[in-house]
Amino acid sequence: MIPHALRRQLRRSYIYSFVLTLNITGAVWVALLAACGYSLWQIGAAEGVFHVVSLLAEVPSGMVADLLGRRRVLALSGVAAALSGLCMAFEQNFLWVCVSMGLSALAYNLVSGTQEALVYDSLKEAGRTDRFFHVQTVTAQLETAGAALGKLAGALTGVLGFTGFYLADALIGLLRTAAALTLREPAATAAQAARRAQRLGRLIATLPRRLRDHVAATVAFLRGNPRVVRCIAAWAFIDLPCFLTLMYMQQRLTEAGLPTAWLGLVLLVCEAGRPLGTLLGARLRPRRLRGLYAVCTALCGACTLVMGMGPLWAALAAGAGFGAAGSVWALHAQKRLNDWFPSDQRATLISVESMAYSLLMIPASPLTGWVGDLAGTAGAGLVCLGAVQLAGALAVALGTGCRR
């Protein structure tokens, strides 16, 4: 029997997840910037700025979530997203684009780790962590629905224009804040219960001392758990092409003559793989992560290769395959890592995984853009990424990488 408070919390979390992924510029932002005269290298560099900010802010944002409250941080994320949309809407030059990307990264950082920690500790507080796979499956379906609706909005390019798109994006950011404020702060530990009972002013006043203790506890945990570090690094590697595949598929489709208004609709094919992968992953019970990781990484690498150099129909199907394989791995990695993480450092430790991803993306994003400019096609960078992932899968199969 699921407690009423948990059911209500999960319903509100599902609503938040839907609004979170309702990003109407996600499928067309590359094409919109390219139409403004920016080169692939510049677009890749702007994405690099996103990941520099993400690298710097990822772990601190997780610490703030653990120390000041996850609900508050999720609400602040929506504000940062709204400011990002406003900066891009009134873009004057490349510097404005970079500032917008930095604010977008901050909005992402404030959610990354925070939402997952809030949901898992809500389950833990109620003694129902056995529901994690079910909750993640429903969440993935709702996030896919939100992302799909956002991509369909790409058809409005002839109506909204560049400024209209980003003003709408700013409004969605404020909706995220409203949805976050309906959530309840969980109290799975005594420290979390004490934090929930204190006023924000008191929490901020004691933040420096608690931050020092928090950093020491987090570092000690990572040093004492090498299996966690291995799995975090492995997850960052398998995720490496995740955003870049969507980013450069936009350009491939545009190069083939597809109107910008149709980009979102066509890229929905790629989104279909994620909920399917989550449904499949929920039925698997691997005893060890190493074998699962090798298979999923090989599949992701092969799909990335096809997305880079295959015919467009095959590239879109490969996008769905990439989403499915990545989701199978992510579901089991999330469950295993959350079982290992202490609740009082959960958001921080989840953020460490995202920081590792950003560390890899900082060079990968402009380099793949540079390869695309050099070869004269956006798909060339994806071919390189796919080859790197296949090599990584082989290395794991031969005895290195993530062990249980």
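Keep in mind it's a predicted model, so treat the numbers as computed, not measured.

Asker: Sorry, what's going on with the side chain of Arg346 here?
Answerer: Structurally, Arg346 can be placed in helix α18 (residues 346-375). Overall, the relative accessible area of 0% leaves Arg346 in the buried class. Within the structure, Arg346 has its side chain in polar contact with the side chain of Ser343 (distance 2.9 Å).

Asker: Would you mind showing me how to read the side chain of Ser13 here?
Answerer: Assignment of secondary structure puts Ser13 in helix α1 (residues 4-20). Taking relative accessible area as the criterion, Ser13 reaches 5% and is therefore assigned buried. Apart from the residues within four sequence positions on either side, Ser13 is in contact with Gln115, Val119 and Leu183.

Asker: How should I be thinking about a positive patch on the surface in this particular structure?
Answerer: Together, Arg7, Arg8, Arg11 and Arg12 make up a positively charged patch on the protein surface. Take Arg7: its relative accessible area is 32%, and that puts it in the partly exposed class.

Asker: Where do I start with the confidence of the model for the protein in this structure?
Answerer: The predicted coordinates of low-pLDDT regions are not to be read in fine detail. For the protein, per-residue confidence averages 86 on the pLDDT scale, and residues scoring 70 or more make up 96% of the total. Within the model, pLDDT remains below 50 along residues 400-404, and this stretch shows 17 contacts once partners closer than five positions in the same chain are excluded.

Asker: It is not clear to me how the packing of helix α12 (residues 226-239) against helix α16 (residues 289-309) should be interpreted in this structure. Could you clarify?
Answerer: Helix packing geometry: the angle between the two helix axes and the distance between the axes. Between α12 and α16, the least distance of the axes is 10 Å, while the angle of their chain directions is 15°. Comparing the axis directions of α12 and α16 gives the class roughly parallel. In the packing of α12 onto α16, the handedness of the crossing is left-handed. On the side of α12, the interface is formed by Cys231, Ala234, Trp235, Phe237 and Ile238, while α16 contributes Leu289, Tyr293, Cys296, Thr297 and Cys300. Taken together, the residues that form the contact of α12 with α16 break down as nine nonpolar, one polar and no charged.

Here is what the cut-offs are and how they apply
- Residues numbered from 1 in each chain as written.
- Predicted model: local features only at pLDDT ≥ 70, side-chain atom pairs only at ≥ 80, totals over all residues.
- Heavy atoms only, no water.
- Helix = DSSP H or I, 4+ residues; strand = E, 2+ residues; numbered from the N terminus.
- Buried < 20%, exposed > 50% of the residue type's maximum accessible area, 1.4 Å probe, protein only.
- Polar contact = N/O pair within 3.5 Å; in protein donor to acceptor, adjacent residues only side chain to side chain.
- Contact = heavy atoms within 4.5 Å.
- Patch = residues over 30% accessible without salt bridge, like charges linked within 9 Å, V, L, I, M, F, W, Y side chains within 5 Å.
- Areas by Shrake-Rupley, 256 points an atom, 1.4 Å probe, with all protein chains shown as cover.
- Salt bridge = Lys/Arg side-chain N within 4 Å of Asp/Glu carboxyl O.
- Lys, Arg positive; Asp, Glu negative; His and termini not counted.
- Charge placed at Lys NZ, Arg CZ, Asp CG, Glu CD.
- pLDDT = per-residue confidence, 0-100.
- Axes fitted to C-alpha atoms, helices over the stretch in contact; angles between N-to-C directions.
- Parallel < 35°, antiparallel > 145°, perpendicular 65-115°, else oblique.
- Left-handed = near helix turned anticlockwise from the far one by under 90°.
- Nonpolar A, V, L, I, M, F, W, Y, C, P; charged D, E, K, R; others polar.

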